[in-house]
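Descriptive structure summary
Spelled out from the first residue to the last, the chains are:
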Amino acid sequence: MKISIIVAAGKNNEIGQGGRLLCHLPVDLRRFKAITTGHAVIMGRRTFDSLPGGALPNRRNIIISRNPELKPEGAETASSLDTALIRLINMEEIFIIGGAQIYRQVIEQADRIYLTRIHATFPQADAYFPEIDKTQWREAGRETIPAD
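Below is a short write-up of the structure. Here the residue numbering is sequential within each chain, running from 1 through the sequence in written order. Selection of residues for local features in this predicted model requires a pLDDT of at least 70, selection of side-chain atom pairs for listing and counting requires 80 or more, and totals for whole chains, interfaces and linings are taken over all residues. As a convention, hydrogens and water are excluded, and side-chain values are obtained from all of the structure's heavy atoms.

1. With respect to the pattern of salt bridges
Rules: The term salt bridge refers to a side-chain nitrogen of Lys or Arg lying within 4 Å of a carboxyl oxygen of Asp or Glu. Helix and strand definitions follow DSSP, with helices as H or I runs of at least four residues and strands as E runs of at least two, each counted in order from the N terminus.
Under the definition given, this model contains six salt bridges. Between Arg60 and Glu76 there is a salt bridge, and its shortest N-O distance comes to 2.8 Å. You can see Arg60 sitting in strand β4 (residues 60-64) and its partner Glu76 sitting in strand β5 (residues 75-78), a full 16 residues away along the chain. Of the charged contacts in the structure, one is a salt bridge between Arg142 and Glu139, with a shortest N-O distance of 2.7 Å. One salt-bridge network, in which partners are shared between bridges, spans Arg60, Glu76 and Arg87.

This is the structure we're talking about:
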């Protein structure tokens, strides 16, 4: 199983504020959909709550939550990241889609990071992606997309 992280982060690793994304990037959202469709996605409960339409279609959605009463439509829950990963052990690639706490827990185990770097700063941000240790990671590809 390949563990992949997918994230859009500002210049200072900002990823969210008040449980929401920092900005609306249609090109990046289409990229996210193209990359994750057909795969399992793991997220924290707050990330799930921020999704405008609930569970992401055409993906197996797993929400990390300590609340055993949580029964979201179109998704399953796991009490921990490890429990979720064990359920997906036979999958070729799974995607961690947020939030900050889940990213911090998995970054040392991850095999790949799909990072969209937003060339802006967001002083109001209250959620951050962990610092990427450039001695442990190498850039495998890059594309530049004009602002939309």
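Let us keep going from here.
2. Side note on the layout of surface pockets
For clarity, the threshold we go by: Residues are said to line a cavity or pocket when one of their atoms sits within 4 Å of a point; the points come from a 1 Å grid over protein atoms alone, cavities being sets where a 1.4 Å probe fits but cannot get out and pockets being open sets with protein on both sides within 12 Å along at least five of seven lines. Grid points are joined across faces, edges and corners, and a volume is the space filled by probe spheres set on the points. Polarity classes work like this: nonpolar for Ala, Val, Leu, Ile, Met, Phe, Trp, Tyr, Cys and Pro, charged for Asp, Glu, Lys and Arg, and polar for all others, with Gly in that last group.
Here the second largest pocket defines a volume of roughly 1,300 Å³. Top contributing element to the lining of the second largest pocket by residue count: strand β7 (residues 112-117), with six residues. Looking at the lining of the second largest pocket residue by residue, the class counts come to twelve nonpolar, seven polar and 13 charged.

3. A closer look at the environment of Pro52
Short version of the rule: Note on exposure labels: buried denotes an accessible area under 20% of the residue type's maximum, exposed denotes more than 50%, and partly exposed covers the range between, all computed with a 1.4 Å probe on protein chains only.
Mapped onto the secondary structure, Pro52 falls in the loop between α2 (45-50) and β4. The exposed category is assigned to Pro52, whose relative accessible area is 83%. Residues Pro52 and Arg112 lie 60 residues apart in sequence; the distance between their C-alpha atoms is 26 Å.

4. Digging into unusual backbone geometry
For the bond from Gly98 to Gly99, the omega torsion is 0 degrees, close enough to zero to count as cis. Within the secondary structure layout, Gly99 lies in the loop between β6 (93-96) and α4 (100-106). Within the chain, Asn58 stands out as a residue other than glycine whose phi angle is a positive 60 degrees. With respect to the secondary-structure elements, Asn58 resides in the loop between α2 and β4. Look at Asn58 and you get exposed, because its relative accessible area is 60%.

5. Focus on the pairing of β6
Quick note on the threshold: We treat two strands as partners when DSSP finds at least two bridges between them.
With burial as the criterion, each face of β6 is covered, one bearing Glu93 and Phe95 and the other bearing Ile94 and Ile96. Summarising the sheet, strand β1 (residues 2-9) and β6 pair through four bridges and their orientation is parallel. Note on β6: the bridge partner recorded for Ile5 is Ile96. One ladder, built from three bridges, connects strand β3 (residues 40-44) with β6; its direction is parallel. Note that in β6 the partner of Ala40 across the bridge is Ile94.

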